[in-house]
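Fold and geometry: a report
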Amino acid sequence: MSSSYIGRFAPSPTGPLHFGSLLAALASYLDARSQNGQWLVRIENLDPPREDPNAADQILNILDTYQLHWDGEVRYQSQRNQAYLEILNRLKRSNHAFPCGCSRKQLAGQLHNGMCQLPEHLHQSGDYAWRFCVGRGQRSFIDGLQGEYRESLENDIGDFVVKRRDGPWSYQLAVVTDDADQNVTHVVRGIDLIDSTIRQQCLQQALDFPIPHYSHIPVAVESNGQKLSKQNLATALQPDESGNTLWDALLWLRQSPPADLRNSGNEAVLKWAITHWQRQALAGIKENPAPLDFLRHN
Ligand code: GLU
């Protein structure tokens, strides 16, 4: 029986999948599958200089070996230029977006608040960004795991960039466009993105898009308190058919996989995990330890 739930995993291909990104993939997968939902994979390759040309294939191969099978075709944001352009045009027409030639130096660390005048010489050159006009007031949403999250875009973020001066689309514009276009109903991702959510919801509102349900899972931190990331060389995941890495990941996600499920293979571990998934076991948890020896377990 299928349901209307559509979830997704949307990695930026800046490096191979590591344990931290496996957690986001696994949590979003289990949340979708436990509700008979679809699970999509989208490669967010918007910024080639920051990407590794092999990473997208590596990520997909690892997901495949771990038997995290997605529905439909993988979407690549690099092929979505036209769609993003249309969305920007809609924002322009509704006066939600404005061109901005302000340099970093001019902003001098200040937030950008309110429309600015684009200097005449920049009109021709195209050398300017597009920003979204955030308006005033505090906004909040109820996160499925972290409870109420509040933010004043005006005071905390300012008018944010939706198309960069040097060309690329911003993550915020692209993610909102694709989540809507792919009819995503549930977003389960790392808590490091919780402060993007209000920006995304403002865009969704301005564009009359439905607002998905958001849940942010804790980040994995190493014993020195650093977030597990590609930058501090989180170990790339190796293909592992034994189910042990998934079993570790489940434990980390505060599920209670039975000990005898270890070594029983990815398929068996996932089958158990879908049936027993308790998203609420992560409620209110912002950080979880991920000491390297935990990762080196295999
Ligand atoms: N592409 C983003 C990242 O890898 C995640 C996007 C999302 O889940 O909204 O950090």
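Residues numbered from 1 in each chain as written. Predicted model: local features only at pLDDT ≥ 70, side-chain atom pairs only at ≥ 80, totals over all residues. Heavy atoms only, no water.

1. A short note on the nonpolar core
Grouped burial of nonpolar side chains is what soluble globular proteins tend to show. Stated formally: Throughout this description, the term nonpolar core refers to a set of buried Ala, Val, Leu, Ile, Met, Phe, Trp, Tyr and Cys residues connected via side-chain atoms within 4.5 Å. For the exposure calls, accessible area comes from a 1.4 Å probe over protein chains only, and a residue counts as buried if that area is under 20% of its type's maximum, exposed if over 50%, partly exposed in between. Each helix corresponds to a stretch of at least 4 residues labelled H or I by DSSP, and each strand to a stretch of at least 2 residues labelled E; elements are numbered beginning at the N terminus.
If you look at the biggest cluster of nonpolar residues, it comprises 42 residues, and the most contacted ones within it are L26, W39, L63, L68 and L253. Going through the elements one at a time, α1 (19-33), β2 (38-43), α2 (55-65), α9 (244-252) and α10 (266-276) are the ones with two or more residues in this core. Counting 37 residues, the second-largest nonpolar core is a separate cluster that includes L91, V187, I194 and I198.

2. Things to note about the pattern of salt bridges
Operational definition: The term salt bridge refers to a pairing of a side-chain nitrogen on Lys or Arg with a carboxyl oxygen on Asp or Glu at a separation within 4 Å.
Scanning all chains against the criterion turns up 15 salt bridges. Connected through shared salt-bridge partners, R8, R42, E44 and D179 make up one network.

3. A word on the packing of aromatic side chains
Counted only if it meets this: For Phe, Tyr and Trp, where Trp contributes only its six-membered ring, two rings pair if their centres lie within 6.5 Å, and the inter-plane angle classes them as stacked under 30 degrees, edge-to-face over 60, or tilted in between. For a lysine, the NZ atom is tested; for an arginine, the CZ atom; a charge sits over a ring if that atom is within 6 Å of the ring centre and within 35 degrees of the ring normal.
Applying the stated rule across the entire model yields seven aromatic pairs. Where F9 meets W39, the ring centres are 6.4 Å apart and the plane angle is 10°; that geometry is what we call stacked. With F9 in strand β1 (residues 6-9) and W39 in strand β2, this pair connects stretches of sequence that are 30 residues apart. Each member of the pair, F9 together with W39, is buried. A network of ring pairs unites the aromatic residues F9, Y29 and W39 as a single cluster. Cation over ring: K163 sits above W169, and NZ or CZ is 5.0 Å from the ring centre.

4. Observations concerning the sheet that holds β2
Each strand in a sheet pairs with another by means of backbone hydrogen bonds, the pair being arranged parallel or else antiparallel. For the record, the criterion: Two strands pair if DSSP finds at least two bridges between them. Any two residues whose heavy atoms approach within 4.5 Å at even a single point are treated as in contact. Each axis is a line fitted through C-alpha atoms, and for a helix only the stretch in contact is used; angles between axes span 0 to 180 degrees, taken between their N-to-C directions.
Taken in spatial order, the three strands of this open sheet run β1-β2-β3, and their pairing is parallel. Of all the strands in the sheet, the pair left with one neighbour each is β1 and β3 (75-76). Here four bridges tie β1 to β2, and the two strands are oriented parallel to one another. Across the sheet, residue I6 finds its bridge partner in β2, namely Q38. The strands that α1 touches are β1 and β2; relative to β2, the one it contacts most, it runs at about 150°. Contacts from α2 reach β1, β2 and β3 within the one sheet, and its direction differs from that of β2 by about 155°.

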